[in-house]
Amino acid sequence: MMKSFKWTAIAFSLILFLTGQSAFAQGPVAGVLEACETEIKTHCADVTPGDGRILSCMYAYEDKLSDGCSASIIDLADAIDYMFANARAAIAICAPDIEANCSSVEVGGGRVLSCLKENSSKVSAECKPVVDAFAEQYGLTD
């Protein structure tokens, strides 16, 4: 049951994170794509990417995934859990900094987080640890 929830969360996140240039693609998503490259090529080469089809294919071959691939999927699920658990508080804390420094940035794909990270010298003392924690979680550290 828990495994199915993780796969559902991962499917949702891959759709969310892989649309456009994503800051998150540098972290846990890239980890899955790298760690599962052999499985994707072996079992899902004929699958048209998009709309969660590759992930669905990997789910069909779940019993054939390498330990490294499985571990990277768990890491991605943990990153997603972190995002859902902390996003609301982070937005509340960093709203003034988002407005002041990133109001012209399109929301989604980690662009606001990347903007806050790029403008870290201008970010308030309250928001800075939030940005740093999210940046570390999603592989945006220097």
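The structure this text deals with has already been given above.
Residues numbered from 1 in each chain as written. Predicted model: local features only at pLDDT ≥ 70, side-chain atom pairs only at ≥ 80, totals over all residues. Heavy atoms only, no water.

1. Describing the state of the cysteines
Put simply, the rule is: Put simply, a disulfide is two cysteine sulfurs that come within 2.5 Å. The helix count covers DSSP runs of H or I at least four residues long, the strand count covers runs of E at least two residues long, and both are numbered beginning at the N terminus. Residue exposure (1.4 Å probe, protein chains only): buried if accessible area is under 20% of the type maximum, exposed if over 50%, otherwise partly exposed.
Throughout the structure, instances matching the rule amount to four disulfides. The disulfide partner of Cys36 is Cys69, and the S-S distance across this bridge is 1.9 Å. On the S-S bond that ties Cys36 to Cys69, the torsion sits near 100 degrees, and the link is right-handed. Here Cys69 lies in helix 5 (residues 67-102) and Cys36 lies in the loop between helix 2 (28-35) and helix 3 (37-43), a separation of 33 residues in the sequence. The class for Cys36 is buried, based on a relative accessible area of 0%. Disulfide pairing places Cys44 opposite Cys57 at an S-S distance of 2.1 Å. Note on the Cys44 and Cys57 pair: the S-S dihedral is about -95 degrees, so by sign convention the disulfide is left-handed. With Cys44 in the loop between helix 3 and helix 4 (53-60) and Cys57 in helix 4, the pair connects residues that are 13 residues apart, well separated along the chain.

2. Regarding the packing of aromatic side chains
For any pair of aromatic rings, geometry is given as the distance between the ring centres together with the angle between the planes. Cut-off, in case you're wondering: Note on aromatic pairs: the rings of Phe, Tyr and Trp (six-membered ring only in Trp) are paired at centre separations within 6.5 Å, and the planes decide the class, stacked below 30 degrees, edge-to-face beyond 60, tilted for the rest.
Evaluation of the coordinates by the stated rule reveals one aromatic pair. A ring pair is formed by Tyr82 and Phe134, whose centres lie 5.1 Å apart and whose planes are at 65 degrees; its orientation type is edge-to-face. Here the residue Tyr82 occupies a position in helix 5, and Phe134 occupies one in helix 7 (residues 128-137), the gap between them amounting to 52 residues. According to the relative accessible area criterion, Phe134 is buried, its value standing at 10%.

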